[in-house]
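# Fold and contact review
One letter stands for each residue in the lines below.
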4 protein chains.
Amino acid sequence: MEKIKVGIIGATGYAGAELVRLLASHPVAEVVAVSSVSYEGQKFSDVYPHFIGINDTVLQSADEVIEKSEVIFASLPHGLSEPLAEQCIAKGKLLIDLGADFRMYSAEAYAKWYKREYSHPELHKLAVYSLPELYRDKTVGAKIIGNPGCYPTSISLGCAPALRHGLVETDGVIIDSKSGVTGAGRGLSQTTHYPDNNEAFSAYKAGEHRHTPEIEQVLSDIAGQDMTVTFVPHLLPVNRGIESTVYLKLKDGVTEDEVRCAYEKAYSKEKFVRVLPKGSYANIKNVRCTNYCDISLHFDMRARRLIVCAVIDNMVKGAAGQAIQNMNLYFGLPEDTGLCMVAPAF
Amino acid sequence: MEKIKVGIIGATGYAGAELVRLLASHPVAEVVAVSSVSYEGQKFSDVYPHFIGINDTVLQSADEVIEKSEVIFASLPHGLSEPLAEQCIAKGKLLIDLGADFRMYSAEAYAKWYKREYSHPELHKLAVYSLPELYRDKTVGAKIIGNPGCYPTSISLGCAPALRHGLVETDGVIIDSKSGVTGAGRGLSQTTHYPDNNEAFSAYKAGEHRHTPEIEQVLSDIAGQDMTVTFVPHLLPVNRGIESTVYLKLKDGVTEDEVRCAYEKAYSKEKFVRVLPKGSYANIKNVRCTNYCDISLHFDMRARRLIVCAVIDNMVKGAAGQAIQNMNLYFGLPEDTGLCMVAPAF
Amino acid sequence: MEKIKVGIIGATGYAGAELVRLLASHPVAEVVAVSSVSYEGQKFSDVYPHFIGINDTVLQSADEVIEKSEVIFASLPHGLSEPLAEQCIAKGKLLIDLGADFRMYSAEAYAKWYKREYSHPELHKLAVYSLPELYRDKTVGAKIIGNPGCYPTSISLGCAPALRHGLVETDGVIIDSKSGVTGAGRGLSQTTHYPDNNEAFSAYKAGEHRHTPEIEQVLSDIAGQDMTVTFVPHLLPVNRGIESTVYLKLKDGVTEDEVRCAYEKAYSKEKFVRVLPKGSYANIKNVRCTNYCDISLHFDMRARRLIVCAVIDNMVKGAAGQAIQNMNLYFGLPEDTGLCMVAPAF
Amino acid sequence: MEKIKVGIIGATGYAGAELVRLLASHPVAEVVAVSSVSYEGQKFSDVYPHFIGINDTVLQSADEVIEKSEVIFASLPHGLSEPLAEQCIAKGKLLIDLGADFRMYSAEAYAKWYKREYSHPELHKLAVYSLPELYRDKTVGAKIIGNPGCYPTSISLGCAPALRHGLVETDGVIIDSKSGVTGAGRGLSQTTHYPDNNEAFSAYKAGEHRHTPEIEQVLSDIAGQDMTVTFVPHLLPVNRGIESTVYLKLKDGVTEDEVRCAYEKAYSKEKFVRVLPKGSYANIKNVRCTNYCDISLHFDMRARRLIVCAVIDNMVKGAAGQAIQNMNLYFGLPEDTGLCMVAPAF
C-alpha cells in the first residue's frame, strides 16, 4: 500500500512538531514535507534535536508543502488558515486545520471572539468541525477539517452523555479547566519563563477565553438548545495535560447509576474514551502522550451536582493526535491507526 | 520584654516544622520546647537538617512541652487534640490547635464528617474558631483557639465581602480548589511519591472532603443563613500554595463596581489580604512563604457570575502563619509581628 | 509469525511496568503473563490505571509466569533472580534479568559491593552481560542475559570509543551522574516524597554506589586494563533521565578532531547512539521515553580534558528498552523492533 | 539610629528584585530608590505583583538612585557598572556591584573571558573582590565592592580549607556544578521557556563559562599558586540553588579526619557556612532563600579523592544576600543583620 503523503505547515510550533513525532510511527502515512516561516531552510532536527537521525528534512515554504502532499495539516495562528484552505481546495487537497479558523459554525461568533471577520466566508461551507467521537459522520467527504481546540475536546467529551440524555440542566454549567504549559505554545513570554511559571498557579482569561464559543457551540449542539457556560482556564506547572472539572446540575430524580450507565454506554465502543471505575479520579498522567480522554464521574448529592473530571493530553487528543484520528477517519482507516500509545505515567 | 514561651507538639510534621521556622524570627516569642512521637530523643535538626545551627533542640514528650510553655501549638491528626486541651486548661495554658478538633461549632457535623464523637464535649465551650480577619473579636479571652483549615481560609476570605453584603446568591456556590503537596503532610503515600505526583494532576475527594463542613460553617455564618456548597479539591504538583476559584451567582442588578468596592472596603485595613487590581490574577507564587491571601475578582457577565480567585500559602496563612497571627492577636501584639515576609516569587 | 511469549516477573515495579508498556507495541512479542508479589490476584490496571483497557491481566505468581512464557524478564531486588534463573534454565526458558545478579564477572566484586555471596555460582557460566552496542556477539546463545544497570549504560557508551582507541588516560576518571527519581523505584521513602524532593538536589552514595564495580568492569574490559573510577550519582528532580558527565584526561598529542572522529565512527551504524554535532549538549529531554543514548563531546584544552556528556532514559535504554533490545538481538530480530520511539521532548 | 539609605540599579532583574525583597526586612538599611531601564516610570509592584502593598515605589533613573542613596547596589550586564562606579565615586558613595566588572584582579583575564577591555582601568584600584568568609579584611575602606559570582561562591567556600592547608593537589581539579534557572536571569530564551526546561537537564558552556577565571583567581589566591580548573556548569530544573561537586586529589598521607577537621575549624565561627555531619549530603533545599553555604565532605579512598559538595541559594548567598552581607561588613554591622532566614525546605 502506498503511504498517504502528508505535509505539515507550521511544523516548528509545538502542535506541528507533535504531528511530526506521532506520524513518524504511523504505518500508512508519511510526512513528505514540512514548513516553517521562522526556520525555512534549516533542518527540522536543528530546531528540535530530539529528531536527529529521525527527521532531518529541510524546512520549506508552505507552497512547497502543499505541492508535495495529499493531506496538509496546518498549525497556525488564527487568520492564516483561510488563505491556505483556498490554495488546498484549488489543488484538490485535504486540509486539516489545527487552528481556530474552521471551528465555528457562526461567522458572528468567530468575529466576536477572535476580533476578525472571515476573509473567505464561502470556504466554510466546505468545512466540518470534527471531533470524531461526536461528529464522526460528517467528516468523510469534507474538503476542510476543523480540528477541535484542546479545552473544548476535554469538555465536550466530558459532558456529551449527560447532555444528550437530558440528565442535567443546561443552565448554570461551570467549567474549571487546567492546562499544561505547552498549551501556550513555543513562543516566549514572561508567564511561561521557567522561574515565573514553576511552582506557580493561577487562572487566566476567566470568562473570556476564545475557546468559550466553541465549547458552547458543541454543548448546545448536543443538548439541542442554546447554552451559555462559565469557563475559567488555569495554567498548570506541567508540560502536558488538560484537566477539566465540570459542574452540572442533575435534573430532579436522576440517579448516580443512571448517569454512570449513560456514560458507559455512550463510550463503550470508543477506543479513546475511558470512563473510569467508581472511586477513581481522572489524572493527566494517565493519558500523557496518548490520544485517550479519561473521564471520571463524581456526585455531590447534597447539592445534586454531577462533577465530571475529564483529562486529555493537550498536544495529542487536544491537537496532533486528534488531527491524525481525523485523517484516519477521512481515509477509512481504523481511527486508532498509529495512535496506540500507552502513557509513560511515571 | 520577656519573650512568650512557646511549645510545639507534633513539631516534626510539616505544619509543626513551619511553626519552628517562622517563630525563629519572631521578636517576642520563643520556642522553648518541641515534641514528636516518632522522633522523641532526637535533635530537631536531625529530622530537618536545614535547622542545623538554628534549632538543635532535642525533641521531647508532649507532657514536657506543656510543662515548659505558656502557649502550646498542637499540630496533630484529629482526635488527639482534645485530651491535650484538657491538660493545657488544667495548667492554665493556651492551646492553639492546628488540627480539626476545635474548628466545628456543631458536634454533629464533626461526628458526621470525621467519623468520631467529641471525647470532651465540655471543652468546646472554651474554644473559639479564629480566622482573625473574620472573627477577631472572639479570640481574646479564649482558652483554646481552633486554627482554621487551609482550604477554608482561602475560601472564606475570598467569599466574605460578597456574602456579607448580599451581593451574591447563597445557593449554587461552586468551589474548585487546588493545593500544593505539603497539604497532604509529611507522611508517605503512593500519591505523593515523586514520580507519581510530578507532571500529574487530578481532583480528589470531590464533594466529600472534610473541610466542607468548616467551609459551610463560616460561609453560613457570614451570610446569615444556612449554605450548602460544592467543594472539589485537586492536588497540584507544587510544594506550597492553595488556589481556590469560587463561582458565585450575582444577585440581580449587582454591578462589577459594587462588588469590587465591597472587597476593597472590607479589606482596606487588613495587612494580610490584598485585593488585586482589575486585570490581575491571584497567583500562588506571589504569596509563597508569606501570610498573605491575594484575591482577584473576575466577572462573567454573560452568565452573571462572580468568579473569585483566592490564593494563600497553605503552610503559612493556611496553617503556621495564621496560628502565629492568632497568638499575636491573643497577646495584644500587632497581628503581623514576626510575619512580615515577602514572597520569594521566583 | 507466531509471537514470542513474554512473561514479566516483578511487573508492578517501575521497570516491570515499563516493560509492559513498551511491549504493548512490540510487533513480534506479546506479554502473556505478569507477576507481582505485592499485588498477586489483582488486575495490572488496578495498580496502574493508565493501562485500563490496554492490559487488564490479573497478576499471577512467578511460577505461573515462567510456565506460560518463552522469555522471562525479571525485575527484582538483587538476590532474587538467581533462584529464578535456576527454574528458567530447568525449563529451557530464557531469562533476561534487569536486576544486579547477573551483571558481574567477578563473584568477589559482587560479594563485596552487594554484601551477599552468589547462591548459585554455577549459573553464572551460562550468563552474559549484554550491553548490545558493546557486547553484541556474546548475547546470542546465552541462557541468561544480565541486563546492564542504568548508570553503567550511559557511562559505558559515553566512554567506550575514547578508551578503546587509547585516546585518554585510564586513571583519574571522574564520573558525575544525575538521575531522575524513577531510578529510585516505586517504593516509598522520605527522600522521594514529593515535597522533599521537588526543588531539591544533592549527591548521594558518593564513591560507594553499587553500580561502581559494574562501571569499572565494562571500562576495564574496553580499555584492556584495570581501571578504578570515581563515581558520584545525584538525584535530579525529574521523573526520567540520566545525564553522566565524564571527565577524562586526553593523552598527549590527541586532538579534538581525532576524538570526535573516533566517536562518530564507533557509532555510525548504531541506531540508538547519537553523537551530537559540535556545540550541542546532550539533554535528557531529547531521549525521554526512547531507547537512545545521546552523547556530546566537549574539550577543556587548557586542562587537556575530554568532557563527555551522555544521556539516556533510565527506564528505557537504562532498563526496559535495553532488555527488549537484548531480546530482539537474541531472537535475531532487528534490534530496534518495537523500539522506534521519538521523544516527547516538550 | 538613622537607616542606611540604599539604592538599587537594575532592580527589576532577578538579583535586583531579590535585593529589594531581602532589604525589606533589614533593620538598619532601607531601600530609598530603585531604577530600571525597561520599566522606568512604572511601579515596582507592577512588575512584581508580590510586592503590592510592600513596595509600590516608582522606578526611576540610575542617576536619581545614585543621588538619593548612600550605598548603591548595581545588578547589570557586564560593562555597565564601570561608568556607574565613576559616578558613585565622584559623589562619594559606595558601590556594591553584583555584576562582573569588579571581580577580576587581572584586566587581561577580564578582557579574555568577557571580550571587552576595562573602560576605566584606574577605578579597579579602588575596588575589592569581597567574599566575606575569605576576604573580610580587605572590604572595609573600599570604594567599590565587587560581589562574587554565584558559582565561584559555592566553589571557593567548598575548596578553601583543603587548599589553604595543602591537603589536596592543586592540579586536576574538576568542578561539576548545577544551577537553578534563576541563575539565567529574567530575560526570555528558548532554553528557559518552561516546556523546554521542565523535565530537562544538560550541561552548558563546558570549559568555557565566564566564571572560570574568577574561580581560578580565588582558588589560586588561597592555594598560593596558579591553578587551572575544569569547570562544567549544568542547568537544573528548579528555580533556585547551586550545587557544586568538586573533585580534588588528596595528597599522600592525608586522612579523612584531617580534612574534616580542617573544614570544621575553618568555618567554626562562620555563621553562614555549615560543614555537615558525616553521612549527610549538602542539598540545595536546605539553603533555599537563605544566605547559608552548606558543605558536605565525601571520600573515595580507592581513588584517593576528596569530593566536596557545596550548596548555596544562587539568588541569596550567590548574589543579593552576599551583597547585603558585604554592606553589613562595610558598615561594621554584624554580618548576619537582616539575613537570619531559615530555609522553607519543603
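Parameters at a glance
- Residues numbered from 1 in each chain as written.
- Chains lettered and ligands numbered in written order.
- Predicted model: local features only at pLDDT ≥ 70, side-chain atom pairs only at ≥ 80, totals over all residues.
- Helix = DSSP H or I, 4+ residues; strand = E, 2+ residues; numbered from the N terminus.
- Rg over C-alpha atoms; globule rule 2.2 N^0.38 Å.
- Buried ≥ 20, exposed ≤ 12 C-beta atoms within 10 Å, placed from the backbone.
- Pairing = 2+ DSSP bridges.
- Contact = placed C-beta atoms within 7 Å.
- Axes fitted to C-alpha atoms, helices over the stretch in contact; angles between N-to-C directions.
- Least-squares fit on C-alpha atoms with pLDDT ≥ 70 in both.
- Nonpolar A, V, L, I, M, F, W, Y, C, P; charged D, E, K, R; others polar.
- Left-handed = near helix turned anticlockwise from the far one by under 90°.
- Expected span 1.5 Å × (residues − 1).
- Arc of directions from axis to C-beta.
- Right-handed = clockwise from strand over helix to strand, strands pointing away.
- Domains from an automatic or database assignment.
- pLDDT = per-residue confidence, 0-100.

## As for the overall build of chain A
Looking only at helices and strands, chain A has 11 helices and 13 strands in total. Here the C-alpha radius of gyration of chain A, 20 Å, is about what a compact globule of 346 residues would show, namely 20 Å. Within chain A, the proportion of its 346 residues that are buried is 60%.

## Notes on the sheet that holds strand 7 (residues 173-179) of chain B
Residue and element names in this part refer to chain B. Spatially, 7 strands are ordered 8-9-7-10-13-12-11 in an open sheet, and the strand pairing comes out mixed. Edge positions in the sheet fall to strand 8 (202-203) and strand 11 (273-275), since each of these pairs with one other strand and no more. Sheet topology note: the strand 11/strand 12 (residues 293-300) ladder contains 3 bridges and is parallel. Along strand 12, the bridge assignment pairs V273 with C293. Relative to the sheet, helix 7 (residues 150-164) contacts strand 7, strand 9 (229-235), strand 10 (242-249), strand 11, strand 12 and strand 13 (305-312), its axis offset from that of strand 10 by approximately 35 degrees.

## A short note on the relation of the copies chain C and chain B
For the pair of chain copies, the relating operation is a rotation around an axis with a shift along it. For the pair chain C and chain B, the best superposition has an RMSD of 0.0 Å and corresponds to a rotation of 180 degrees with a translation of 0.0 Å parallel to the axis. Put plainly, the chains are arranged around a two-fold axis.

## Things to note about the interface of chain C and chain B
Contacts between the two partners involve 12 residues from chain C, matched on the other side by 12 residues from chain B. Residue composition of the side of chain C that touches chain B, by class: 4 nonpolar, 7 polar and 1 charged.

## Brief notes about the packing of helix 6 (residues 132-139) of chain B against helix 11 (residues 316-330) of chain B
Residue and element names in this part refer to chain B. At a minimum axis distance of 10 Å, the contact between helix 6 and helix 11 shows a crossing angle of 35 degrees. The crossing of helix 6 and helix 11 is right-handed. For the pair formed by helix 6 and helix 11, the contact residues are P132, R136 and T139 on the first element and Q325, N326, L329 and Y330 on the second. Residue classes in the contact of helix 6 with helix 11 are distributed as 3 nonpolar, 3 polar and 1 charged.

## Some remarks on the interface of chain D and chain C
The partner chain C presents 39 residues to the 39 residues of chain D that form the contact. Broken down by class, the residue content of the side of chain D that touches chain C amounts to 20 nonpolar, 10 polar and 9 charged.

## Section: the relation of the copies chain D and chain C
For the pair chain D and chain C, the relating rotation is 180 degrees, the translation along its axis is 0.0 Å, and the fit reaches an RMSD of 0.0 Å. With an isologous cut-off of 70% or more, the 100% of interface residues of chain D that recur at the interface of chain C puts this contact in the isologous class.

## Structural notes on helix 10 (residues 256-267) of chain A
One turn of an α-helix holds 3.6 residues; hence residues three or four places apart share an orientation. All names here are of chain A. End to end, helix 10 covers 17 Å across 12 residues, agreeing with the expected 16 Å (1.5 Å per residue, within 8%). Within helix 10, the full set of buried residues consists of V259, A262, Y263 and A266. Looking straight down helix 10, one finds that the buried residues subtend no more than 95 degrees of arc, so they occupy a single side. Facing away from the buried surface of helix 10 by more than 90 degrees, the exposed residues are D257 and K265. Where helix 10 is buried, its residues contact helix 7 (150-164), strand 11 (273-275), strand 12 (293-300) and strand 13 (305-312).

## Remarks on the pairing of strand 3 (residues 71-74) of chain D
In summary, the side chains of a regular strand alternate between the two faces of the sheet. All names here are of chain D. Here strand 3 shows a buried face lined by V71 and F73 and a second buried face lined by I72 and A74. Pairing between strand 1 (residues 4-9) and strand 3: 4 bridges, direction parallel. Directly across from V6, in strand 3, lies its bridge partner V71. Two elements, strand 3 and strand 4 (residues 94-97), share 4 bridges in a ladder whose sense is parallel. Note on strand 4: the bridge partner recorded for V71 is L94. Considered for its hand, the β-α-β crossover made up of strand 3, helix 4 (residues 81-90) and strand 4 is right-handed.

## Considerations on the sheet that holds strand 7 (residues 173-179) of chain D
Paired through backbone hydrogen bonds, the strands of a sheet run either parallel or antiparallel to each other. Pairing in this open sheet of 7 strands is mixed, and the strands run 8-9-7-10-13-12-11 (chain D) from one edge to the other. Strands with a single pairing partner mark the edges of an open sheet, and in this sheet they are strand 8 (202-203) and strand 11 (273-275) of chain D.

## What to know about the domain arrangement of chain A
Residue and element names in this part refer to chain A. Here chain A is described as being made up of domain 1 (4-147 + 317-330) and domain 2 (151-314). Between the C-alpha centres of domain 1 and domain 2 there is a distance of 25 Å. Taken together, the 18 residues of domain 1 in the interface contact 23 residues of domain 2. Contributions of two or more residues to the side of domain 1 that touches domain 2 are made by helix 5 (107-114), helix 6 (132-139) and helix 11 (316-330). The element that contributes the greatest number of residues to the side of domain 1 that touches domain 2 is helix 11, accounting for 6 residues. Looking at side-chain class alone, the side of domain 1 that touches domain 2 contains 10 nonpolar, 5 polar and 3 charged residues.

## Notes on helix 9 (residues 212-223) of chain B
Residue and element names in this part refer to chain B. A rise of 1.5 Å per residue sets the reference length of helix 9, with its 12 residues, at 16 Å; its end C-alpha atoms lie 16 Å apart and thus fit the reference within 8%. Residues of helix 9 that are buried include every one of T212, P213, E214, I215, Q217, V218 and L219, and no others. Turning to helix 9, the residues buried within the fold contact helix 5 (107-114), helix 6, helix 7 and strand 9. After helix 9 finishes, the residue G224 shows a positive phi value of roughly 75 degrees.

## Examining the confidence of the model for chain A
Detailed reading of the predicted coordinates is not advisable wherever pLDDT is low. Mean pLDDT for chain A: 97, with 100% of residues reaching 70 or above. The ipTM assigned to the predicted complex is 0.97, against a pTM of 0.98.

## As for unusual backbone geometry
Positive phi, normally seen in glycine, also occurs at K115 of chain A, with a value near 55 degrees. Structurally, the position occupied by K115 of chain A is in the loop between helix 5 and strand 5 (127-129). Notably, K205 of chain C is not glycine yet its phi reads approximately 45 degrees, a positive angle. By secondary structure assignment, the location of K205 of chain C is in the loop between strand 8 (202-203) and helix 9 (212-223).

## Considerations on the packing of helix 7 of chain B against helix 10 (residues 256-267) of chain B
Geometrically, a packed helix pair is captured by the angle between its two axes and the distance between the axes. All names here are of chain B. The geometry of helix 7 relative to helix 10 is characterised by a closest axis approach of 9 Å and an angle of 115 degrees between their N-to-C directions. Along this stretch, helix 7 crosses helix 10, giving a crossing that reads as right-handed. Together, A160, P161 and A162 of helix 7 and V259, A262, Y263 and A266 of helix 10 make up the contact between the two elements. Class assignment for the residues of the contact of helix 7 with helix 10 results in 7 nonpolar, no polar and no charged.

## Observations regarding the pairing of strand 10 (residues 242-249) of chain A
All names here are of chain A. Summarising burial for strand 10: 7 of the 8 residues are buried, a large majority. Relative to strand 10, strand 7 (residues 173-179) runs antiparallel, the two sharing 6 bridges. Across the sheet, the residue bridging to D176 is T245, located in strand 10. Two strands pair when backbone bridges link them, and strand 10 and strand 13 are joined in this way by 8 bridges, in the antiparallel orientation. Considered in strand 13, the bridge of L248 is made with L306.

## Things to note about the environment of P132 of chain C
All names here are of chain C. On the secondary structure map, P132 appears in helix 6 (residues 132-139). Residues P132 and N198, 66 residues apart in the sequence, show an inter-C-alpha distance of 35 Å. Contacts of P132, omitting those with residues within four sequence positions, involve T139, Q325, N326, L329 and E335.

## Some words on the environment of Y330 of chain B
Residue and element names in this part refer to chain B. Relative to the helices and strands, Y330 is located in helix 11. Using a count of 20 C-beta atoms within 10 Å as the deciding quantity, one classes Y330 as buried. With 185 residues separating them along the chain, Y330 and I145 place their C-alpha atoms 9.3 Å apart. When neighbours within four sequence positions are excluded, Y330 is seen to be in contact with L94, T139, V140 and I145.

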